[in-house]
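This is what each chain is made of:
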Amino acid sequence: VTHTIRVEPIGAEIPCREDQTVLDACLREGVWLPHACTHGTCGTCKAQILDGEVDLGDASPYALLESERDDGAALICVAQPRSDLVVEGEVDVDEGVGVHPVRDFRGRVDSLDEVAPDVRRLVLALDRPMMFNPGQYVLLDVPGGHQRPYSIASTPSNGKVIELHLKRSDNGVATDGWVFSTLDVGHEITLSGPYGRFSFRPLRTQPILLLGSGTGLAPLKSMVRHIDENGGGHHVTLYHGVPTEAGLYDREFFEDLEARSDWFTYRPALSRDDWNGRSGRVPALLAEDYPRAGGHVAYICGSPDMVADTMKALMKARLFPRDIYREDFFDSA
Ligand code: FES
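Everything numeric in this text was worked out from a predicted model, so none of it was measured.

Chemist: Can you help me understand the layout of surface pockets in this one?
Modeler: Where empty space is left can be seen by rolling a probe of water-molecule size over the atoms. In this structure, the largest pocket spans a volume of roughly 900 Å³. Going through the elements one at a time, strand S11 (146–151), strand S12 (161–167), strand S15 (236–242) and strand S19 (324–328) are the ones with two or more residues in the lining of the largest pocket. Residues belonging to the lining of the largest pocket are distributed by class as follows: 18 nonpolar, 17 polar and six charged.

Chemist: It is not clear to me how the packing of aromatic side chains should be interpreted in this structure. Could you clarify?
Modeler: Enumeration according to the criterion identifies eight aromatic pairs in this entry. On the basis of an interplanar angle of 40 degrees and a centroid distance of 6.2 Å, the ring pair of Phe200 and Tyr299 is categorised as tilted. Of this pair, Phe200 sits in the loop between strand S13 (188–195) and strand S14 (208–213) while Tyr299 sits in strand S18 (residues 297–302), and the two are 99 residues apart along the sequence. Considered together, Phe200 and Tyr299 belong to a single accessibility category, that of buried residues. These aromatic residues form a ring-pair network of at least three members: Phe253, Phe254, Trp263, Phe264 and Tyr266. Positioned above the aromatic ring of Phe253, the side-chain terminus of Lys221 is 5.2 Å from the ring centre.

Chemist: How do you make sense of the sheet that holds strand S9 (residues 119–126) when you look at a structure like this?
Modeler: Backbone hydrogen bonds are what pair the strands of a sheet, in a parallel or an antiparallel way. Spatial ordering of the open sheet is given by S11-S10-S13-S8-S9-S12, a layout of six strands whose pairing is antiparallel. The open sheet terminates on both sides in strands that have one partner only, identified here as S11 and S12. Taken pair by pair, the neighbouring strands of this sheet meet at an average axis angle of 40 degrees, ignoring direction. Note that S9 and S12 share seven bridges and pair antiparallel. If you follow Arg120 over to S12, its bridge partner there is Leu166. Lying on the sheet, helix H4 (residues 217–229) is in contact with S9, S11 and S12; it crosses S12 at an angle near 145 degrees.

Chemist: Sorry, what's going on with the pattern of salt bridges here?
Modeler: Opposite charge on two side chains makes pairing possible when the charged atoms of those side chains draw close. Per the stated rule, a full pass over the model turns up 26 salt bridges. Between Arg28 and Asp24 there is a salt bridge whose closest N-O contact spans 2.9 Å. Of this pair, Arg28 and Asp24 both sit in helix H1 (residues 22–28), four residues apart, which is roughly one turn of that helix. A relative accessible area of 18% places Asp24 in the buried class. One salt bridge connects Glu255 with Arg251, and the closest N-O pair in it is separated by 3.1 Å. You can see Glu255 and its partner Arg251 sitting in helix H5 (residues 251–260), four residues apart, about one turn around the helix.

Parameters and conventions
Residues numbered from 1 in each chain as written. Predicted model: local features only at pLDDT ≥ 70, side-chain atom pairs only at ≥ 80, totals over all residues. Heavy atoms only, no water. 1 Å grid on protein atoms, 1.4 Å probe; cavity = no way out; pocket = protein on both sides within 12 Å on 5 of 7 lines; lining within 4 Å. Points joined across faces, edges and corners; volume = space filled by probe spheres on them. Helix = DSSP H or I, 4+ residues; strand = E, 2+ residues; numbered from the N terminus. Nonpolar A, V, L, I, M, F, W, Y, C, P; charged D, E, K, R; others polar. Phe/Tyr/Trp six-rings, centres within 6.5 Å; stacked < 30°, edge-to-face > 60°. Buried < 20%, exposed > 50% of the residue type's maximum accessible area, 1.4 Å probe, protein only. Lys NZ or Arg CZ within 6 Å of the ring centre and 35° of its normal. Pairing = 2+ DSSP bridges. Axes fitted to C-alpha atoms, helices over the stretch in contact; angles between N-to-C directions. Contact = heavy atoms within 4.5 Å. Salt bridge = Lys/Arg side-chain N within 4 Å of Asp/Glu carboxyl O.

Keep in mind these numbers describe shape, not what the thing actually does.
So this is what it looks like as structure tokens:
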């Protein structure tokens, strides 16, 4: 059964099957609505259902309160139509950021390497190019009918090759049960994308702070490479925080880029070990280096704790939320 969704205020009319989420239908038609976790927990995709019936799906009671449900709100990443709908969404696209419809892809594992303890780099060759913005993510289909989000570390200039960084988690169905055990070069994978609002803003010309921990490096690496491919033009400082020196994957890549460019600075940091570089968590080092951060634009990607603490450090240094973009890495297991 297919229903029609009208998205206000733009008036777009979109077909949506009963077994499809409202968000999925919109993204596939190129109507970009805010979203982050895509599984009903963060609340980013909250929208008002002005008319029609929805099944609210697996919306977390914390992300969608009882009173909001009564008022006709829904988390459209999990809500499915039960009739034609009129949805009011926040169709907010930033200047210079492209909107790329979500598509399904088939990919073949081109390489799979352990690049740091418990971190693997997965490179997929896709059946056709994916258009995306540096910073966005894909959903991989995982054996057993699950899907997992992973940020893209490669750039849109070659959309047929997608690089992902995966961190192992104990007993995780996607990592322990698959990418770190049975998955191998040559295997076929299905995926969809691109997703997410964490996108590089090319028209914002202020100096850029890229702040990542662990595999939160992936979308930041895509941004750095994208800027490099376009001849620099932005002043970029990248912080990468990990516990131990062995965790500083892609260090050589960033050191080489720093040596050959006049626009890029690499600041690796160890949160656990002492070494001949800097030790401490990214938020603490940031506070040390930038007592005043106004005039920058910042992109943060890491665990929810790291993101929250880094936000605090930046705001204390007088950087306003409108100049800060963030991506929380929910535990992908
Ligand atoms: Fe997170 Fe829908 S609740 S995107």
